[in-house]
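# Structural description and commentary
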Amino acid sequence: MADDPKALKPETAAIHVPHVRRDGAMAPPIHMATTFEHGPAYETLHGFDYSRSSNPNVADLEARLTALERGSFGLAYASGMAAGAALLDTLPVGARVVFHNSLYHGFRALAGLLESKGRIVPVFIDLNDGEALEKELAQKPALVWLESPTNPTLEILDIAAIADKAHAVGAKLAVDGTFATPALQQPISLGADYVIHSLTKYIGGHSDVMGGALIAANDALQEELSLGRSLSGAVLSPFNAWLAARGLQTLHCRVATHCAHAHAVAKALEGHPRLSNVHYPGLADHPGHSIAASQMHDFGGMVSIELADGRDAAIAMASKVRLFTNATSLGGVESLIEHRASVEEPHVTSPLGLLRLSVGLENPADLVADLLQALEG
Ligand code: PLP
């Protein structure tokens, strides 16, 4: 293991920051043990006691993610939702949380549930609207929460500027970095206090692992979050930690290809007469293009398109694809398509004609041909 993970370049850290003892094996073992020998008065002898608190594979993954995100500590959870829920759970009762309007629908639903119990007061605004943000910050929220790029409309938010404004009123900033991944964006370096990831997406990378992570800029919440995870039982399983850690090792090269293919798809569809919009931050006329160019290394593997003729046209297109598969989730090697409004029912916020594309690692010419035949056929 490297002495100082922060001295390593990201691609190197993804491969060389393992904590699991390997005994010379190039692939780390999976520690399936639920319990570890301790001393007669519960003295920790081997670094771990019980796998609901932590486990060598979980700790290994956390070390790598923390290094990649330039964080202070990180915790891995059973899903991305569990990671986000754990952070919200640290807030005092009645805390105000300002969310950007374009938000993964699961977190919108969770915010509504917590509001109905009087746990938090969620507010949804356009965080790109400076005046609206100033107004909400005057209400002294505990937390501002955003994704960039957002799911599913791929809006871009200026993380550094929003972090500065939030900090000026004592609020923290949480960034859901699932779409960008640590390969493209380091929110903590831009001023965020917390980064959330669904490991289920690009980090796992093969649509076969469910997991989440929360990485923090400082240690203030480490004890509370670690205890909370242990008591709620929301920890990631050793096998899923092993899979996610394996995914991290190829993240940078997979994401580079996802980005190139997404760019090719967006360019091919841009201006198509049957589309009213192609959302991809890599396109020069995307409203967030210059901010994305400054805070991301590339523009990501997700593209959303809007059919000019609305919902029925979108469903018709989604029913004609042959290589893309209609399935939820994203970030795997295979290309997926999804009519998000149908997923979000009954609380739909996505445009009715929008189809979200998770552009995979297949040859981009085949992907473009598939989309065009489905659009025009
Ligand atoms: N954040 C974003 C942006 C997502 O797209 C998702 C899931 O689609 C999540 C969080 C939740 O992750 P998980 O499904 O691993 O709980």
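Residues numbered from 1 in each chain as written. Predicted model: local features only at pLDDT ≥ 70, side-chain atom pairs only at ≥ 80, totals over all residues. Heavy atoms only, no water.

## Details of the site of the ligand
Spelled out, the test is: Throughout, the term near means that a residue has one or more heavy atoms lying within 4 Å of the molecule or strand in question. Here a polar contact means two N or O atoms within 3.5 Å. Within protein one must be a hydrogen donor candidate and the other an acceptor candidate, and residues neighboring in sequence count only if both atoms are side-chain atoms. Throughout, the Shrake-Rupley method with a 1.4 Å probe supplies accessible areas, and for residues the shown protein chains are the sole cover considered. The nonpolar class holds Ala, Val, Leu, Ile, Met, Phe, Trp, Tyr, Cys and Pro. Asp, Glu, Lys and Arg form the charged class, and all remaining residues, Gly among them, are polar.
Around the ligand, the structure places 13 residues, and the nearest of them are Met81, Asp176, Ser198, Thr200 and Lys201. Contact between the ligand and Asn151: an oxygen atom at 3.0 Å from a side-chain N or O atom of the residue. When the ligand sits alone it has 390 Å² of accessible area, and the protein chains cover 93% of it. Considering only residue class, the shell around the ligand consists of 4 nonpolar, 7 polar and 2 charged.

## A look at the UniProt feature "modified residue: N6-(pyridoxal phosphate)lysine" (unreviewed entry) in the chain
Rules: UniProt positions are given in the numbering used here, feature names are shortened, and annotations may be inferred rather than shown by experiment. Here a helix means four or more residues in a row that DSSP labels H or I, a strand means two or more in a row labelled E, and each is numbered from the N terminus. Partly exposed describes any residue whose relative accessible area lies between the buried limit of under 20% and the exposed limit of over 50%, with all areas from a 1.4 Å probe on protein chains only and scaled to the type maximum. Residue contacts are defined here by distance: any two heavy atoms, one from each residue, within 4.5 Å place the two residues in contact.
If you check UniProt for "modified residue: N6-(pyridoxal phosphate)lysine" (unreviewed entry), the listed places come out as Lys201 in our numbering. Its location among the elements puts Lys201 in the loop between strand E6 (194-198) and strand E7 (212-216). Lys201 sits in the buried class, given a relative accessible area of 16%. Each residue touching Lys201, except ones within four places of it in the same chain, is listed here: Thr178, Ser329, Leu330 and Gly331.

## Some details on the domain arrangement of the chain
As a reminder of what qualifies: Reported domain spans reflect what an automatic or database domain assignment gives. Summed over both partners, the accessible area lost on bringing two parts together, with a 1.4 Å probe, is the buried area.
Taken as a whole, the chain is organised into domain 1 (8-249) and domain 2 (252-376). Each of domain 1 and domain 2 has a C-alpha centre, and these two points are 26 Å apart. Of all residues in domain 1, the largest losses of buried area upon contact with domain 2 belong to Leu154, Leu184 and Tyr202, amounting jointly to 27% of the total for that side. The interface formed by domain 1 and domain 2 holds 14 residue pairs in polar contact (both at pLDDT 80 or more) in total. Secondary-structure elements contributing two or more residues to the side of domain 1 that touches domain 2 are helix H1 (10-16), helix H4 (105-116), helix H6 (159-168) and helix H7 (181-184). Sorting elements by how many residues they give to the side of domain 1 that touches domain 2 places H7 first, with 4 residues. Of the residues that constitute the side of domain 1 that touches domain 2, the class distribution is 19 nonpolar, 13 polar and 5 charged.

## Re a negative patch on the surface
Rules: Two distance rules govern patches: like charges are joined within 9 Å, and nonpolar side chains (Val, Leu, Ile, Met, Phe, Trp, Tyr) within 5 Å, applied only to residues with over 30% relative accessible area and no salt bridge. Think of a salt bridge as a Lys or Arg side-chain nitrogen and an Asp or Glu carboxyl oxygen that are within 4 Å of each other. Charge convention: Lys and Arg are scored as positive, Asp and Glu as negative, and His as well as the terminal groups of each chain are ignored. In plain terms, the charge of a residue is placed at NZ if it is Lys, CZ if Arg, CG if Asp and CD if Glu.
Together, Asp126, Asp129, Glu131 and Glu134 make up a region of like negative charge exposed at the surface. One can find Glu134 in helix H5 (residues 130-137). Residue classification places Glu134 among the partly exposed residues on the basis of a relative accessible area of 43%.

## Section: the pairing of strand E4 (residues 143-147)
Note the threshold: Paired strands, in this sense, are two strands between which DSSP finds at least two bridges.
Across the 5 residues of E4, 5 count as buried, placing the element largely inside the fold. By the alternation rule, side chains of E4 split into Leu143, Trp145 and Glu147 and Val144 and Leu146, which are all buried. Taken together, the 3 bridges between strand E2 (residues 95-100) and E4 define a ladder with parallel strand orientation. Note on E4: the bridge partner recorded for Val97 is Leu143. Pairing geometry for E4 and strand E5 (residues 172-176), over 5 bridges, is parallel.

## Focus on the pattern of salt bridges
This model, assessed by the stated rule, comprises 8 salt bridges. Across the pair Arg229 and Glu62 runs a salt bridge whose closest N-O atoms are separated by 2.7 Å. Taken together, the positions of Arg229 in helix H8 (residues 222-232) and Glu62 in helix H2 (residues 56-69) put the pair 167 residues apart, joining distant regions of the chain. Residue classification places Glu62 among the buried residues on the basis of a relative accessible area of 10%. The salt bridge partner of Asp89 is Arg119, with a shortest N-O separation of 3.6 Å. Residue Asp89 is found in helix H3 (residues 80-89), and its partner Arg119 is found in the loop between H4 and strand E3 (120-125); the two are separated by 30 residues along the sequence.

## Section: the side chain of Ser102
Residue placement: Ser102 occurs in the loop between E2 and H4. Residues contacting Ser102, with those up to four places away along its chain left out, are Glu147, Thr150, Asn151, Pro152, Thr153 and Glu155.

## A closer look at the side chain of Asn57
Mapped onto the elements of the fold, Asn57 is located in helix H2. Among the polar contacts listed, one links the side chain of Asn57 to the backbone oxygen of Pro29, at a separation of 3.0 Å. Within polar-contact distance, the side chain of Asn57 engages the backbone nitrogen of His31 at 2.7 Å. When sequence neighbours within four positions are dropped, the list of residues in contact with Asn57 reads Val20, Pro29, Ile30, His31, Pro238, Ala241 and Trp242.

## Here we look at the environment of Thr178
Looking at the element boundaries, Thr178 is found in the loop between E5 and H7. A sequence separation of 25 residues divides Thr178 from Ile203, and the C-alpha atoms of the two residues are 8.6 Å apart. Within the local environment of Thr178, its side chain forms a polar contact with the side chain of Asp176, the two groups lying 2.6 Å apart. At 2.9 Å, the side chain of Thr178 forms a polar contact with the backbone nitrogen of Ser198.

## Some thoughts on the pairing of strand E9 (residues 302-307)
In terms of burial, E9 is a largely internal element, 6 of the 6 residues being buried. Burial along E9 is two-sided: the face carrying Met302, Ser304 and Glu306 and the face carrying Val303, Ile305 and Leu307 are both buried. Pairing geometry for strand E8 (residues 275-279) and E9, over 4 bridges, is antiparallel. Counterpart to His279 in the pairing with E9 is Ser304.

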